[in-house]
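Architecture and fold: a report
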Amino acid sequence: MKANKLLYGLAMTPVLTCAQSQKPNIIFVLCDDMGWGDLGCYGQQYITTPNIDRLAAEGMQFMQAYAGSPVSAPSRASLMTGQHTGHCEIRGNKEYRSGSVYYNGNFDWSVTGQHPLDPNHIVLPEIMKDNGYTTGQFGKWAGGYEGSVSTPDKRGVDEFYGPICQFEAHAYYPNFLNRYSKSAGDTKVEREILEENIKYRFNGQDYFNRPQYSADLIHQRAMAWLDKQTSAKPFYGLFTYTLPHAELVQPEDSILVSYKAKFCEDKSFGGAEGSWYHAIDHVHAQFAGMITRLDAYVGEIMAKLEEKGLADNTILIFSSDNGPHEEGGADPTFFNRDGVLKGLKRSCHEGGIRVPFIVRWPGKVPAGVKSDHQLAFYDVMPTFCDIIGIGKNYVQQYRNRNLANDYFDGISFLPTLLGNDAKQQKHDYLYWEFNETNQIGVRQGNWKLIVKGGTSELYDLATDIHEDNNIASQYPEKVAELKKIVLEAHTPNPYFSVTLPK
């Protein structure tokens, strides 16, 4: 198998002078299942997002940015590892759940979580910590089950709060959240029982009497961590908020009340048997309210940075882990959530993988720019390495010497961020694979190959952004060229298999 030429394809940009003196702080806000068209700055008309829209106006808005995968765990793994899903250890939402425990009569699993990140491959918080950063993650982990080889305490995170398991994150009034705080003396990730929640039954209408809303708790812990940061030491925060994923439920506050008035003719959802999704009324109001609540979180982050005098030396990034979902009664069609794009979460069509991506860095990133540079989550690692001053050498520095092929697939997009497109290296291709729907996607320029169960489809995104016209029969040579890329980019994984193109 021929090695991916992107392995050494890192941008040859000069090291920033600021990285030699005062390294910038970085906060990456990664939300859950927000579609490309869910924000006002990306064309949303029904949902109010003034803070994220302001972030876009003050920074750079990417119009062709891609998640690492059409679902959560592998997308986050791509961000963490700098690898696409043909190389990454995590390529699907494989769950590990065992045992049982009861909290005041409420059932839960005694061990729960996802397939672990490869402990031999470096991940982003470890790199940041190696280079003098204080590190924190608040929200979903999804990089290993409880007690596994890959939990926050073992992967360079100084402080963590949220659900280790993304399955647990489907409920917003859970029995517990996970916690790790090095400064507080924790030696491993623990469960923090939500005592007020477990007074009420998880099943049935009693659930809605639970007062401890996990999204708010996670945000409050993230803000407390941010409030402790100073200019004395750089910090890296990954805020992996659960909104607007999963069940459509939130506190009955002014945000929700205003949307109930706006969507007076709303839908109901009767719950889903065998899931953790409860029956609810006001589906549209609940969903819109969750996005506006997330927007309020972003506004509070921006305000805190300004209050502490840290805004000018902090890179603030906002994105989503994949395209829009239909779980818990969500109705992406009503909100036109994929905009002009086809496909939802779990699809390798554009709607499943193209995501909002906004970067603000005052004085460095030009404000109000919309960029068409094509990037993917696995480009974040080399970009951060460029920013903190280790540049292209991070591949050699962090390669696992025990593995014959320890891939790094990203290209730094720092030149584009700094307004220097002329020096920006571009991908030969972008790649995705997802075992649960047995799909593979390749984008090369405006050509898009999608392989479904081994059958290839070809689209020209320049003239067919909605991927309606399969032109594979008209361009067999291009199909063959892109199939060859698939065979080069895919490495076998015993836990996640896909059907390669015929």
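Note that the structure is predicted; figures quoted are calculated from it, not measured.

**So, the overall build of the protein chain**
When helices and strands are counted, the protein chain shows 12 helices and 20 strands. Relative to the globule expectation of 23 Å for 502 residues, the C-alpha radius of gyration of the protein chain, 22 Å, shows essentially globular dimensions. Projected onto its principal axes, the C-alpha coordinates of the protein chain cover approximately 60 × 55 × 45 Å. Expressed as a percentage of its 502 residues, the buried residues of the protein chain come to 63%. Long-range contacts, defined here as pairs at least 24 residues apart, represent 72% of the contacts in the protein chain between residues at least 6 apart. Here the protein chain displays about 18,000 Å² of accessible surface, and carbon together with sulfur accounts for 49% of that area.

**Side note on the pattern of salt bridges**
Enumeration according to the criterion identifies 30 salt bridges in this entry. Between Glu58 and Arg54 there is a salt bridge, with its nearest N and O atoms 2.7 Å apart. Remark: Arg54 and Glu58 occur in helix 2 (residues 50–58); sequence separation between them is four residues, near one turn of the helix. Notably, a salt bridge pairs Lys452 with Glu457, separated by 3.5 Å at the nearest N-O pair. With relative accessibility at 30%, the residue Lys452 sits in the partly exposed group. When its relative accessible area of 16% is taken as the criterion, Glu457 is described as buried. Linked through salt bridges whose partners overlap, the residues forming this network are Asp32, Arg76, Lys140 and Asp321.

**Focus: the sheet that holds strand 14 (residues 357–360)**
Pairing in this open sheet of 10 strands is mixed, and the strands run 11-10-9-8-12-1-13-14-2-15 from one edge to the other. The open sheet has two edge strands with one neighbour each: strand 11 (190–193) and strand 15 (369–371). On average, each strand axis in the sheet is inclined to that of its neighbour by 15 degrees, with strand direction left out of account. Of the strands in this sheet, strand 2 (60–62), strand 13 (314–320) and strand 14 are in contact with helix 2, which crosses strand 14 at around 65 degrees. In the packing of helix 5 (residues 214–228) onto the sheet, the strands contacted are strand 1 (25–31), strand 8 (134–139), strand 9 (159–162), strand 10 (176–181), strand 11 and strand 12 (235–240), and the crossing angle to strand 8 comes to about 165 degrees.

**What about the sheet that holds strand 18 (residues 439–444)?**
What the four strands build is an open sheet, ordered 17-18-19-20; its pairing is antiparallel. Of all strands in the sheet, those bounded by a partner on one side alone are strand 17 (430–434) and strand 20 (455–460). Adjacent strand axes in the sheet meet at a mean angle of 15 degrees when their direction is disregarded. Together, strand 17, strand 18, strand 19 (447–452) and strand 20 form the strand contacts of helix 12 (residues 476–489), whose direction differs from that of strand 18 by roughly 115 degrees.

**Here's the deal with the pairing of strand 13**
For strand 13, the buried fraction is high: seven of the seven residues fall into the buried class. Of the two faces of strand 13, the one carrying Thr314, Leu316, Phe318 and Ser320 and the one carrying Ile315, Ile317 and Ser319 are both buried. Alignment of strand 1 against strand 13, held across seven bridges, turns out to be parallel. Bridging across to strand 13, Cys31 finds its partner in Ser320. Bridge count between strand 13 and strand 14: four bridges; the pairing is antiparallel. Bridging across to strand 14, Ser319 finds its partner in Phe357.

**Focus: helix 9 (residues 380–388)**
Among the nine residues that make up helix 9, nine are buried, leaving the element largely enclosed by the rest of the structure. Looking only at helix 9, the buried set comprises Val380, Met381, Pro382, Thr383, Phe384, Cys385, Asp386, Ile387 and Ile388. Of the residues flanking the end of helix 9, it is Gly389, one or two places downstream, whose phi is positive at about 105 degrees.

**Section: the packing of aromatic side chains**
Applying the stated criterion across every chain, the model contains 32 aromatic pairs. Judged by centre distance (5.1 Å) and plane angle (55 degrees), the ring pair of Tyr66 and Trp432 falls under tilted. Placement of the pair is Tyr66 in strand 3 (residues 65–66) and Trp432 in strand 17, with a sequence separation of 366 residues. Neither Tyr66 nor Trp432 differs from the other in exposure class; each is buried. Seen from their ring centres, Tyr394 and Phe408 are 5.2 Å apart, and the 90 degrees between their planes marks the pair as edge-to-face. Of this pair, Tyr394 sits in helix 10 (residues 394–398) while Phe408 sits in the loop between helix 10 and helix 11 (414–417), and the two are 14 residues apart along the sequence. The same class applies to Tyr394 as to Phe408, namely buried. Cluster of aromatic residues (ring-pair linked, three or more members): Tyr46, Tyr259, Phe263, Phe287, Phe334 and Phe335.

**What about the environment of Lys228?**
Residue placement: Lys228 occurs in helix 5. As for Lys228 and Lys308, which are separated by 80 residues in sequence, their C-alpha atoms are 9.8 Å apart. The contact partners of Lys228, leaving out residues within four places of it in the chain, are Glu159 and Ser183.

Scoring rules and cut-offs
Residues numbered from 1 in each chain as written. Predicted model: local features only at pLDDT ≥ 70, side-chain atom pairs only at ≥ 80, totals over all residues. Heavy atoms only, no water. Helix = DSSP H or I, 4+ residues; strand = E, 2+ residues; numbered from the N terminus. Rg over C-alpha atoms; globule rule 2.2 N^0.38 Å. Buried < 20%, exposed > 50% of the residue type's maximum accessible area, 1.4 Å probe, protein only. Contact = heavy atoms within 4.5 Å. Areas by Shrake-Rupley, 256 points an atom, 1.4 Å probe, with all protein chains shown as cover. Salt bridge = Lys/Arg side-chain N within 4 Å of Asp/Glu carboxyl O. Pairing = 2+ DSSP bridges. Axes fitted to C-alpha atoms, helices over the stretch in contact; angles between N-to-C directions. Phe/Tyr/Trp six-rings, centres within 6.5 Å; stacked < 30°, edge-to-face > 60°.

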